[in-house]
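# Close look at the chain arrangement
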Amino acid sequence: MIDKAKTNPFETERKTTNYSGIKRGKLGTAKNPAIVVVQTEKKRDELKKIFDENGWSCRIKIRPEIEEDVRDLESLQRVGIPKISEETTGRNAPCTCGSGKKYKKCCLDK
């Protein structure tokens, strides 16, 4: 039997809402706030500052008797800057060699 005093109070909520068929918002928004469990008020204040600086919505619970759970914060911080691909020459663009022909008729096969 699981000791309920040592489990994450939000874990049940997280499990039941993930597969309920209800469309959830992006993590960190008002519709789907990040759920974080910490052990001290000092840690709560530090995390609250991080959430506020980034404009993320969160619910932070202080539970000294259980292990900290900051998976949602780590997930939000892991989102990187999208890579911009190098611009390529299109088939119908003028050839880069300067011949005046279309790229597909000049240097595409070379």
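Figured I'd write up the structure that's included with this text. Because the structure is predicted, anything quoted here is derived from the model rather than measured.

## Quick look at the overall build of the protein
Helix and strand content of the protein: three helices and two strands. Going from N to C terminus, the protein has its helices and strands arranged as α-β-α-β-α. A total of 110 residues make up the protein; the buried ones form 23% of that total. Sequence-distant contacts, at least 24 apart, represent 53% of the contacts inside the protein between residues at least 6 apart. Summed over all atoms, the accessible surface of the protein reaches about 8,800 Å², with 51% contributed by carbon and sulfur.

## Brief notes about the environment of E68
Here E68 shows up in the loop between β2 (58-62) and α3 (71-78). Measuring from C-alpha to C-alpha, the distance between E68 and T40 comes to 9.5 Å, with 28 residues separating the pair along the chain. Once residues lying within four places of it in the same chain are set aside, the contact partners of E68 are V37, V38, Q39 and K43. In this structure the side chain of E68 is engaged in a polar contact, spanning 3.4 Å, whose partner is the backbone nitrogen of Q39.

## A look at the pattern of salt bridges
For the structure shown, the criterion picks out four salt bridges. Taking the shortest distance from any N to any O, the salt bridge between K48 and D52 comes out at 3.6 Å. Note that K48 and D52 are positioned in helix α2 (residues 41-54) at a spacing of four residues, about one turn of the helix. Given a relative accessible area of 49%, D52 falls into the partly exposed group.

## Points about the environment of L27
Counting through the fold element by element, L27 comes out in the loop between α1 (11-18) and β1 (34-38). You can call L27 partly exposed: its relative accessible area is 23%. Sequence separation between L27 and L76 is 49 residues; the distance between their C-alpha atoms is 7.3 Å.

## Notes on the pairing of β2
Pairing of β1 with β2 involves five bridges; the strand directions are parallel. If you follow V38 over to β2, its bridge partner there is I62.

## What to know about the pairing of β1
With respect to burial, β1 is a largely interior element, five of its five residues being buried. Along β1, one buried face is formed by A34, V36 and V38 and the opposite face, lined by I35 and V37, is buried too. Each parallel crossover has a hand, and for β1 linked through α2 to β2 it is right-handed.

Conventions adopted
- Residues numbered from 1 in each chain as written.
- Predicted model: local features only at pLDDT ≥ 70, side-chain atom pairs only at ≥ 80, totals over all residues.
- Heavy atoms only, no water.
- Helix = DSSP H or I, 4+ residues; strand = E, 2+ residues; numbered from the N terminus.
- Buried < 20%, exposed > 50% of the residue type's maximum accessible area, 1.4 Å probe, protein only.
- Contact = heavy atoms within 4.5 Å.
- Areas by Shrake-Rupley, 256 points an atom, 1.4 Å probe, with all protein chains shown as cover.
- Polar contact = N/O pair within 3.5 Å; in protein donor to acceptor, adjacent residues only side chain to side chain.
- Salt bridge = Lys/Arg side-chain N within 4 Å of Asp/Glu carboxyl O.
- Pairing = 2+ DSSP bridges.
- Right-handed = clockwise from strand over helix to strand, strands pointing away.

All quantities given are derived from atomic positions and should not be read as evidence of function.
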